[in-house]
Number of protein chains: 2
Amino acid sequence: NSDHVMSETGLCLPGALWPPAPLKMPPRTTPPPPDPFYCSPFGSPYFNRCVPVPRRHTPYFGQPDYRVYELNKRLQQRTEESDNLWWDAFATEFFEDDATLTLTLCLEDGPKRYTIGRTLIPRYFRSIFEGGVTELYYNLKHPKESFHNTSITLDCDQCTMVTHHGKPMFTKVCTEGRLILEFTFDDLMRIKSWHLAVRTHRELVPRSVVGLHTQQDPGMLDQLTKNITRQGITNSTLNYLRLCVILE
Amino acid sequence: NSDHVMSETGLCLPGALWPPAPLKMPPRTTPPPPDPFYCSPFGSPYFNRCVPVPRRHTPYFGQPDYRVYELNKRLQQRTEESDNLWWDAFATEFFEDDATLTLTLCLEDGPKRYTIGRTLIPRYFRSIFEGGVTELYYNLKHPKESFHNTSITLDCDQCTMVTHHGKPMFTKVCTEGRLILEFTFDDLMRIKSWHLAVRTHRELVPRSVVGLHTQQDPGMLDQLTKNITRQGITNSTLNYLRLCVILE
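So, how was this worked out
Residues numbered from 1 in each chain as written. Chains lettered and ligands numbered in written order. Predicted model: local features only at pLDDT ≥ 70, side-chain atom pairs only at ≥ 80, totals over all residues. Heavy atoms only, no water. Helix = DSSP H or I, 4+ residues; strand = E, 2+ residues; numbered from the N terminus. Expected span 1.5 Å × (residues − 1). Buried < 20%, exposed > 50% of the residue type's maximum accessible area, 1.4 Å probe, protein only. Arc of directions from axis to C-beta. Contact = heavy atoms within 4.5 Å. pLDDT = per-residue confidence, 0-100.

As annotated in an unreviewed UniProt entry, chain A is LIM interaction domain-containing protein from Graphocephala atropunctata.

Here it is as structure tokens:
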């Protein structure tokens, strides 16, 4: 793989390789709007707020993990009122028009691999929240980047997808695995392919609830110890992915 | 407070106020090194790696939460071998020479307020890990910024300080409260004052451990339900802060 340069996030590349600007930048088939006050779809009157296009503030080159940070921030802004339009705008901001998303995990009946195309991506993320999740973010530990001619790959072997569930009691689910993201190497830096390989998951419950339930109602222990996800993925998301396989 | 502009993270400011460059930039008393290849103390041969000074890649103006993101990334790089030199470099990268750090929380015997000066800040963060913490990061939800002439304030009413503890069993402690950070408004954007007001905390234990222990050893429930922190703060950090009060 002599066509790319490995570097751990935040490390200096040798002077000759940094900044990466001299690398050949491929022409976009759909160039970004030239208007300096152009706003992303989130800035439409529909949302009644104006979100600047990321490239105006942040040079992402060499730091694709910043894009994941921004994706997390956008997910924070989701509310109960976020509809299809909101999720479409979300996908448009972070995913290329021909992006694919793959989730691999090992269920009770064997390993599964789900790959969906761009049009189904908005509903994939939406399905997570429809499954009772109130918060979602991706925590990357020691992500590594590799630079190619037309793309940047982020490879994080210690990715944790953190979800908060409110019912039947507050639960924090940490889905651990490897996240490999391929970004287009241009000023929008959108995701071409998303691959999350789930390795394991941990469901965490408040210590206080354990004490409360075991003292007052030993029968509640059953509920307390029963997982609410399968390998960290809710049933609503799994059902959606199965439907996608049929649809595509 | 007519001298500053409030904005939620990621929102467009009115054209007249954005970019904030026209705002008066105060001269630094200690200017940053002019060498474009200057590396932060983390880039010394001692660490055998070269970390670029943040200003080379990221224009922080208007996005102080990016600095917290970078602080989190730096904390990820801490290892068991990280010594005083490492922690000094950490503090130098993120805190002004005259910075202060304040922690307020309510203990069993009443409200406490600890304020420490710059020289004691490295050991404050170190004390967290000495208390058995293996991971530490700050998660900001809906942080708000206000721009002043010489500083930027980040005010986050929904800040969660997340710590991982390995003993006696894996525990994730979420310390929730309000984080107010005042940054110097220059290209290094270091913290002048750090104020974390702890509101509440939650200690989370793995669901699997609850089932295991209650089935095999009901006596373990005691240990399972006993908090390992006080309001999310370890005893080693509390002891350190008490010592600081005596020292200063």
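(A) Quick look at helix α6 (residues 235–247) of chain A. Residues and elements named next belong to chain A. The end-to-end C-alpha distance of α6 is 18 Å, a good match for the 18 Å that 13 residues give at a rise of 1.5 Å each. Turning to α6, its buried residues number three or more, namely T237, L238, Y240, L241 and C244. Looking straight down α6, one finds its buried side chains confined to an arc of 160 degrees; they lie on one side. Contacts made by the buried residues of α6 are with β2 (95–107), β3 (110–117) and α3 (121–130).

(B) Representation of the environment of A:I228 within the structure. Its location among the elements puts A:I228 in the loop between α5 (220–225) and α6. Given the relative accessible area of 27%, A:I228 is considered partly exposed. Between the alpha carbons of A:I228 and A:G132 there is a distance of 9.9 Å; along the sequence they are 96 residues apart. For A:I228, the contacting residues outside a window of four places in its chain are A:H165, A:K167, A:P168, A:T171, A:E203 and B:R207.

(C) Geometry of the confidence of the model for chain A. Residue and element names in this part refer to chain A. Residues at a pLDDT of 70 or more form 73% of chain A, whose mean pLDDT is 78. Per-element mean pLDDT across chain A ranges from 40 in strand β1 (residues 5–8) up to 97 in helix α2 (residues 84–94). Note that residues 1–58 has pLDDT below 50 and, in this model, 122 contacts with residues that lie over four places away or in other chains. As a predicted assembly, this complex carries a pTM of 0.75 together with an ipTM value of 0.73.

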